[in-house]
Amino acid sequence: MALFGRVRSGISLFNKLGFLTSQRSTIQRSLVAPAIPLVSRNYANVPGQKEDKVKVPVAMFGGSGNYASALYIAAVKTNAVEKVESEILTFVEVVKNSNVISHFIKDLSVKKDVRVKVIQEICAEAKFSDVTKNFLVVVAENGRLKNIDTIAKRFRELAMAYKGEVKAIVTTVFPLPPEEEKALKETLQEMIGSGAKVHLEQKIDPSILGGLVVEFSQKVFDMSIKTRAQQMERILREPINIGNI
């Protein structure tokens, strides 16, 4: 919560910098950051130290997957996976809760040096680690801040695999009471075994009508009323074979 508060305090930086659509040209003239070469940037290595290869535990595809994998490798090399995960998720949460920042990261007309300067200011205010700060700067340089939510989700998948966690998603019409959530989590833990820890996420979807749908480890257990009704409907529509009666 303290970290979240520090990042939220960074929102005031936008006001200090005059971040308003009508004042964008003023910002572009007044905020100038030195260019940082992307190709030569390596924010995980120490000069003179032999680089250890890091294997990404889950195959990631697409641009967001590539960024998440790069961040994961940097975080593992600095033994800061959980810290980086917390910082990235906090940054995403602040973006979601601030219309000003959300507009800023989606506005492609903002010049690169302005994007970089603002991200550097926010990271400094939030006291983010160097890995997180440098990563967000690279993302800002490449105009990919608009994809930070997806990148963060991909990185979280990698972080969970790193920590030996298995994500299970339970979909219900109403939130599960704590005792039912605990019982479901214990059941899934027994199914998965002691080699991994279950991380349960709840999803609300009134369209399933009732019951629940559980997804984990690429398996789906559909026990919803909607699916049962569809199955019953198919059975009732099947022609009756008189000879079997």
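Structure's up top.
About the thresholds
Residues numbered from 1 in each chain as written. Predicted model: local features only at pLDDT ≥ 70, side-chain atom pairs only at ≥ 80, totals over all residues. Heavy atoms only, no water. Helix = DSSP H or I, 4+ residues; strand = E, 2+ residues; numbered from the N terminus. Buried < 20%, exposed > 50% of the residue type's maximum accessible area, 1.4 Å probe, protein only. Contact = heavy atoms within 4.5 Å. Pairing = 2+ DSSP bridges. Axes fitted to C-alpha atoms, helices over the stretch in contact; angles between N-to-C directions. Expected span 1.5 Å × (residues − 1). Core = buried A, V, L, I, M, F, W, Y, C linked by side-chain atoms within 4.5 Å. Patch = residues over 30% accessible without salt bridge, like charges linked within 9 Å, V, L, I, M, F, W, Y side chains within 5 Å. Areas by Shrake-Rupley, 256 points an atom, 1.4 Å probe, with all protein chains shown as cover. Salt bridge = Lys/Arg side-chain N within 4 Å of Asp/Glu carboxyl O.

S.K.: Mind laying out the overall build of the chain, listing which residues take part and the relevant values?
M.R.: When helices and strands are tallied, the chain shows eleven helices and four strands. With 245 residues in all, the chain has 37% of them scored as buried. Of all intrachain contacts in the chain linking residues separated by at least 6 positions in sequence, the fraction that spans at least 24 positions is 73%.

S.K.: For the sheet that holds strand β4 (residues 219-224), give the residues involved together with the corresponding values.
M.R.: The strand order across the open sheet formed by four strands is β2-β1-β3-β4, and the pairing between neighbours is mixed. Two strands lie at the open edges of the sheet, namely β2 (197-204) and β4, each paired on one side alone. Taken over all neighbouring pairs, the strand axes of this sheet differ in orientation by 15 degrees on average, direction set aside. Pairing analysis gives six bridges linking strand β3 (residues 211-216) to β4, with the strands arranged antiparallel. Paired with F216 across the bridge in β4 is K219. Sheet contacts for helix α10 (residues 178-192): β1 (165-172), β2, β3 and β4; angle to β2, the most-contacted strand, approximately 135 degrees. The sheet strands contacting helix α11 (residues 225-237) are β3 and β4, and the helix crosses β4 at an angle near 80 degrees.

S.K.: So what's going on with unusual backbone geometry? Residues and values would help.
M.R.: In this structure, N79 is a non-glycine residue whose phi angle is positive, near 55 degrees. Summarising the element assignment, N79 is placed in the loop between α4 (62-77) and α5 (81-97). Under the relative-accessibility criterion, N79 is labelled exposed at 63%. The backbone phi angle of L209 is positive, close to 75 degrees, even though this residue is not glycine. Inspection of the secondary structure assignment puts L209 in the loop between β2 and β3.

S.K.: Hey, could you go over α10 for me, with residue numbers and the actual values?
M.R.: Spanning 15 residues, α10 covers 21 Å between terminal C-alpha atoms, matching the ideal 21 Å at 1.5 Å per step. Taken from the residues just after α10, G193 is the one with a positive phi, measuring 100 degrees.

S.K.: Any chance you could break down the nonpolar core for me, citing the residues and the numbers?
M.R.: Membership of the largest hydrophobic core comes to 40 residues, with the highest contact counts inside it found for V84, F91, I119, F135, L136 and F155. Of all the secondary-structure elements, those providing two or more residues to this core are α4, α5, α6 (99-106), α7 (112-126), α8 (130-141) and α9 (148-162). Listed in part, the nine residues of the second largest apolar core include A168, L176, V214 and F216.

S.K.: Tell me what's going on with a nonpolar patch on the surface, and back it up with residues and numbers.
M.R.: The grouping of M191, F221 and M223 at the surface amounts to a nonpolar patch, some 260 Å² of accessible area in total. Secondary-structure assignment places M191 in helix α10.

S.K.: Go over the pairing of β3, please, and point to the residues and values.
M.R.: In regular strands, side chains alternate between the two faces of the sheet. Summarising the sheet, β1 and β3 pair through four bridges and their orientation is antiparallel. Considered in β3, the bridge of V170 is made with V214.

S.K.: How would you summarise α7 if you had to cite specific residues and measurements?
M.R.: With 15 residues, α7 should reach 21 Å at 1.5 Å per residue; the first-to-last C-alpha distance of 21 Å fits that figure. Regarding α7, the residues found buried are V114, R115, V116, V118, I119, I122, C123 and A126. In the segment just after α7, K127 is the residue with positive phi, at about 60 degrees.

S.K.: Let's hear about the pattern of salt bridges: which residues, and what values?
M.R.: All chains considered together, the criterion is met by nine salt bridges. We note a salt bridge from K163 to E85, for which the minimum N-O separation is 2.8 Å. Of this pair, K163 sits in the loop between α9 and β1 while E85 is found in helix α5, placing the two residues 78 residues apart along the sequence. Judged by relative accessible area, K163 falls into the partly exposed class, the value being 29%. For the salt bridge of K96 with D149, the shortest nitrogen-to-oxygen distance reads 3.8 Å. Of this pair, K96 sits in helix α5 while D149 sits in helix α9, and the two are 53 residues apart along the sequence. You can call K96 exposed: its relative accessible area is 52%.

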